[in-house]
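What follows is the residue order along each chain.
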Amino acid sequence: MNLFGFFRARNTAPVARERLQILLAHERAIVGGSDLAAILREEILAVISKHVAIDQDKVQVKLDRGGSISTLEIDIEMPAFEGK
Amino acid sequence: MSKVLVVTSGKGGVGKTTSTASLGAALAAAGQKVVVVDFDVGLRNLDLVMGAERRVVYDLINVVNGDAKLAQALIRDKRNDNLSLLAASQTRDKDALNLEGVTKVIEQLREKFDWVLCDSPAGIEKGALLAMYHADLAVVVTNPEVSSVRDSDRIIGMLDSKTAKAERGEKMEKVLLLTRYDQARAARGEMLKVEDVLEILSIPLLGIVPESQEVLRASNLGAPVVMSSPNCAPSRAYADAVRRLQGETVPMNIPVDRTGLFAKFLNWRVS
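Cut-offs used in this document
- Residues numbered from 1 in each chain as written.
- Chains lettered and ligands numbered in written order.
- Predicted model: local features only at pLDDT ≥ 70, side-chain atom pairs only at ≥ 80, totals over all residues.
- Heavy atoms only, no water.
- Helix = DSSP H or I, 4+ residues; strand = E, 2+ residues; numbered from the N terminus.
- Contact = heavy atoms within 4.5 Å.
- Buried area = accessible area lost by both parts, 1.4 Å probe.
- Salt bridge = Lys/Arg side-chain N within 4 Å of Asp/Glu carboxyl O.
- Polar contact = N/O pair within 3.5 Å; in protein donor to acceptor, adjacent residues only side chain to side chain.
- Expected span 1.5 Å × (residues − 1).
- Buried < 20%, exposed > 50% of the residue type's maximum accessible area, 1.4 Å probe, protein only.
- Pairing = 2+ DSSP bridges.
- Axes fitted to C-alpha atoms, helices over the stretch in contact; angles between N-to-C directions.
- Core = buried A, V, L, I, M, F, W, Y, C linked by side-chain atoms within 4.5 Å.
- Left-handed = near helix turned anticlockwise from the far one by under 90°.
- Nonpolar A, V, L, I, M, F, W, Y, C, P; charged D, E, K, R; others polar.

Some remarks on the overall build of chain A
Within chain A, the secondary structure is distributed over two helices and two strands. When the helices and strands of chain A are listed from N to C terminus, the series reads α-α-β-β. Across chain A, every contact between residues at least 6 apart in sequence was considered, and the portion connecting residues at least 24 apart equals 36%.

Looking at the interface of chain B and chain A
Each partner contributes residues to the interface: chain B has 14 residues there, and chain A has 14 residues. Together, V146(B), R150(B) and I200(B) form the three largest contributors to the area buried by chain B at its contact with chain A, with a combined 39%. If you look at where chain B meets chain A, you find four salt bridges. Between D196(B) and R17(A) there is a salt bridge; the shortest N-O distance is 2.6 Å. Taken together, chain B and chain A are joined by eight residue pairs in polar contact (both at pLDDT 80 or more). Elements with a minimum of two residues in the side of chain B that touches chain A: α7 (146-159) and α10 (194-201) of chain B. In terms of residue count, α7(B) provides more of the side of chain B that touches chain A than any other element does, five residues in total.

Details of α7(B)
Because the α-helix completes a turn every 3.6 residues, residues three or four places apart line up on one side. With 14 residues, α7(B) should cover 20 Å at 1.5 Å per step; its first-to-last C-alpha distance of 20 Å lies within 8% of that length. Within the sequence span of α7(B), burial applies to S148(B), V149(B), S152(B), D153(B), I155(B), I156(B), M158(B) and L159(B).

Examining the pattern of salt bridges
All names here are of chain B. Counted according to the given criterion, the structure contains 16 salt bridges over all chains. Here R188 ties to E190 by a salt bridge, and the two come within 2.9 Å at their closest N and O atoms. Look at R188 and you get partly exposed, because its relative accessible area is 41%. Classification of E190 by relative accessible area gives buried; the value is 17%. Here R236 makes a salt bridge to D257, at a shortest N to O gap of 3.9 Å. Placement of the pair is R236 in helix α13 (residues 233-245) and D257 in the loop between α13 and α14 (261-270), with a sequence separation of 21 residues.

Quick word on the sheet that holds strand β2 (residues 34-38) of chain B
All names here are of chain B. In spatial order, the strands read β3-β4-β2-β5-β1-β6-β7-β8; together these eight strands make up an open sheet with mixed pairing. Looking at the sheet topology across the chains shown, the edges are occupied by β3 (75-76) and β8 (205-210). Across four bridges, strand β1 (residues 3-8) lies against strand β6 (residues 137-142) in parallel orientation. Directly across from V7, in β6, lies its bridge partner V139. Those strands touched by α7 are β1, β6 and β7 (173-181), and its axis lies near 165° from that of β6.

Side note on the nonpolar core
Considering soluble globular proteins, one finds that nonpolar side chains tend to be buried as a cluster. Residue and element names in this part refer to chain B. Residues F39, L86, L97 and L109 are the most contacted members of the largest nonpolar core, which totals 53 residues. Tallying contributions element by element places α7 first for this core, with five residues. Residues contacting L97, with those up to four places away along its chain left out, are F39, V41, L60, I61, V64, V102, K126 and L130. Of all hydrophobic cores here, the second largest spans 38 residues; its members include L46, L137, L177 and A237.

So, the environment of K62(A)
Residues and elements named next belong to chain A. Note on placement: K62 falls in strand β1 (residues 59-65). The exposure class of K62 is partly exposed, given its relative accessible area of 44%. Setting aside anything within four residues of it in sequence, one finds K62 in contact with T71, L72 and E73.

Structural notes on the packing of helix α1 (residues 16-29) of chain B against α13(B)
All names here are of chain B. Taken N-terminus to C-terminus, the directions of α1 and α13 make an angle of 65°; their axes are 9 Å apart at the nearest point. For the element pair α1 and α13, the recorded crossing hand is right-handed. Residues T18, S19, S22, L23, A26 and L27 of α1 form the contact with α13, whose participating residues are Y238, A241 and V242. Residue composition of the contact of α1 with α13, grouped by class: six nonpolar, three polar and no charged.

Regarding the environment of L177(B)
Residue and element names in this part refer to chain B. You can see L177 is positioned in strand β7. Distance from L177 to V41, taken between C-alpha atoms, is 24 Å for residues 136 residues apart in sequence. Apart from the residues lying within four places of it in its own chain, the contact partners of L177 are S19, L23, V139, V140, V141, T142, L206, G207, V209, Y238 and A241.

A word on unusual backbone geometry
Residues and elements named next belong to chain B. For R180, which is not glycine, the phi dihedral falls at a positive 55°. Considering the arrangement of structural elements, one finds R180 in strand β7. Taking relative accessible area as the criterion, R180 reaches 41% and is therefore assigned partly exposed. Positive phi values are uncommon outside glycine, yet S202 reaches one of about 40°. Within the secondary structure layout, S202 lies in the loop between α10 and β8. The class for S202 is exposed, based on a relative accessible area of 59%.

Set out below in structure tokens:
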């Protein structure tokens, strides 16, 4: 092992620091945003169920927060219309 | 005005119980009336670290359930009259605790003591949430290591959302106690530095407790390290932390043990 390799193997703290900064930025967004996703889910469901009977378990609300753009993905499985 | 303080971390094994015992003992040594309360129901250890394991008759659950009066369950430390312990139950599980009961006990403790130190269990479940719920101040114990820092970040989030203070819309005061710190390894780039952890968690620093063999020695003996070895580096760190808790401005330094040949000889002779 040359001298450079020796130092590289030892200096692991900067790697730890960078991994933590990236991870925690991500985790804080998820934990902070989970309530918003839950609120949206409730309110959207309330509006739709006024008009259509839907199964609560067949609804998925996903909130993705990106750097410049965030997406809200709503997936609702509608029941088959009967008799029409 | 009494103060309720929670010692918490998320991760286990970082030094919550050791720190609760030593902060409590150091506050008591400063003349404050202190009670240390173990919230780790089912896995109690504060009694053992304090050397009171054979004196536990009634515990926190007994008081919560009304099976014992608070005065019967409080164990007064034999070395310092100002210090008392309220043990957790070893035979019950964490569901034996409830918010109503804990609220009553904390109210009673506030009347009797200047400081109520709640030793939180690891994790983010009921026991940890109840330990932090009534706190006026949180001491977040963290090791300079990735998993500990990550879990501390999570606990800081919970302190800001799941406590009585947070529910009232008040700001929860949080301070960082960095434990098992090895300055030489941090300087060599092998360990996260104090500044790294502070930048990531962004809460003020209460103290830096260096890694030391004295801590294990103290727990073997059943004494808080500030009592068993008051002049060693971790004890001085805890004593400084306690002065800061009481509002003093103490310059932040990392205490070191003398490691000269003569000091080693002395240590060898007295131990």
